[in-house]
Amino acid sequence: MPIIDLYFHSEHRRNLAHFASLASLAAVDGEVNPKEKGLLDRFALKLDITNGEYKEVMKKSNKYPITPSNSLEDRLERLYDLFKLIYVDHQVDDEEMVLLKKYAIGLGFPVKKANRIIEKSVAIFSGRFNFDDYRYILKH
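Values in this document were obtained by computation on a predicted structure and should not be read as measured data. (Residues numbered from 1 in each chain as written. Predicted model: local features only at pLDDT ≥ 70, side-chain atom pairs only at ≥ 80, totals over all residues. Heavy atoms only, no water.)

**Remarks on the packing of aromatic side chains**
Inference 1: Under the definition given, this model contains five aromatic pairs.
Inference 2: Aromatic pair Phe-83 and Phe-125: ring centres 5.3 Å apart, planes at 20°, arrangement stacked. Remark: Phe-125 occurs in helix α6 (residues 111–126) and Phe-83 occurs in helix α4 (residues 72–86); sequence separation between them is 42 residues.
Inference 3: Looking at Phe-83, the relative accessible area reads 1%, which means it is buried.
Inference 4: Arranged with centres 5.6 Å apart and planes meeting at 25°, the rings of Tyr-87 and Phe-125 form a pair that is stacked. Note that Tyr-87 is positioned in the loop between α4 and α5 (94–106) and Phe-125 in helix α6, a separation of 38 residues in sequence. (Phe/Tyr/Trp six-rings, centres within 6.5 Å; stacked < 30°, edge-to-face > 60°. Helix = DSSP H or I, 4+ residues; strand = E, 2+ residues; numbered from the N terminus. Buried < 20%, exposed > 50% of the residue type's maximum accessible area, 1.4 Å probe, protein only.)

Next comes the structure, spelled out in structure tokens:
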């Protein structure tokens with residue numbers, strides 16, 4: 001097996017683990033609603049998840065570990081994906097917050113930084129940010 005195949009295999013495992021985390025988060029309230037299912041379908045395409053893998057992730061308890069990345073950009077993108085899924089119903093509940101914190105720490109963020117990133121992300125996704133934050137976002 002060429003070394004490049006090992007890289008793609010490893011990358012696919014990370015994508016599958018990320019998708020499993022998204023699916024777990026979508027089902028945290030007991031069921032996956034149609035909007036969440038639609039978003040999961042889009043993530044499955046984006047992450048190159050096969051139909052068989054999709055079905056396996058959806059029917060079993062999560063057996064895929066969170067695979068941290070050395071790239072801050074990758075970690076933030078994974079958190080962003082989770083926030084998109086959470087805010088499909090325009091709110092974040094307590095169970096989702098617990099999973100978000102666990103996931104952020106599992107991705108490799110230190111606890112304080114994970115809490116700060118989640119706090120800021122909740123403010124952004126819920127629309128509760130002040131003008132200074134708004135201006136900063138638009139300028140950068």
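**What to know about the packing of α5 against α6**
Inference 1: Their axes nearest at 9 Å, the elements α5 and α6 cross at an angle of 130°. It follows that α5 is oblique to α6 by the angle criterion. Crossing of α5 against α6: the hand is right-handed. Facing α5, whose interface residues are Met-97, Leu-100, Lys-101, Ala-104 and Ile-105, α6 presents Val-111, Ala-114, Asn-115, Ile-118 and Val-122. (Axes fitted to C-alpha atoms, helices over the stretch in contact; angles between N-to-C directions. Parallel < 35°, antiparallel > 145°, perpendicular 65-115°, else oblique. Left-handed = near helix turned anticlockwise from the far one by under 90°. Contact = heavy atoms within 4.5 Å.)

**Description of the nonpolar core**
One recurring pattern in soluble globular proteins: nonpolar side chains tend to sit buried together.
Inference 1: Formed by 30 residues in total, the largest nonpolar core has its most connected members in Phe-19, Leu-40 and Leu-79.
Inference 2: Per element, the largest residue contribution to this core is seven residues, and it comes from helix α1 (residues 3–26).
Inference 3: If sequence neighbours within four positions are ignored, Phe-19 has contacts with Leu-40, Phe-43, Ala-44, Leu-47, Ile-49, Tyr-54 and Val-57. (Core = buried A, V, L, I, M, F, W, Y, C linked by side-chain atoms within 4.5 Å.)

**Considering a positive patch on the surface**
Inference 1: A cluster of basic residues, Lys-112, Lys-113, Arg-116 and Lys-120, forms a positive patch at the surface.
Inference 2: Positionally, Lys-113 belongs in helix α6. (Patch = residues over 30% accessible without salt bridge, like charges linked within 9 Å, V, L, I, M, F, W, Y side chains within 5 Å. Areas by Shrake-Rupley, 256 points an atom, 1.4 Å probe, with all protein chains shown as cover. Salt bridge = Lys/Arg side-chain N within 4 Å of Asp/Glu carboxyl O. Lys, Arg positive; Asp, Glu negative; His and termini not counted. Charge placed at Lys NZ, Arg CZ, Asp CG, Glu CD.)

**Digging into the confidence of the model for the protein chain**
Inference 1: The share of residues in the protein chain with pLDDT of 70 or more is 89%, and the mean pLDDT across the chain is 82.
Inference 2: Below a pLDDT of 50 lies the segment residues 1–7, which in the model reaches two contacts outside its immediate sequence neighbourhood of four places, other chains included. (pLDDT = per-residue confidence, 0-100.)

**A look at a negative patch on the surface**
Inference 1: Together, Asp-29, Glu-31, Asp-94 and Glu-95 line one region of the surface with negative charge.
Inference 2: The topology assignment puts Glu-31 in the loop between α1 and α2 (34–46).
Inference 3: Here Glu-31 falls in the exposed class, since its relative accessible area comes to 56%.

**Observations concerning the pattern of salt bridges**
Side chains that differ in charge, positive against negative, can pair when their charged atoms come close.
Inference 1: Per the stated rule, a full pass over the model turns up six salt bridges.
Inference 2: With a closest N to O distance of 2.5 Å, Glu-11 and Arg-14 form a salt bridge. With Glu-11 and Arg-14 both in helix α1 and three residues apart, the pair spans about one turn of that helix.
Inference 3: Measuring nitrogen to oxygen at the nearest pair gives 3.3 Å for the salt bridge that ties Glu-77 to Lys-46. Note that Glu-77 is positioned in helix α4 and Lys-46 in helix α2, a separation of 31 residues in sequence.
Inference 4: Sharing partners across several salt bridges, the network here consists of Lys-46, Glu-77 and Asp-81.

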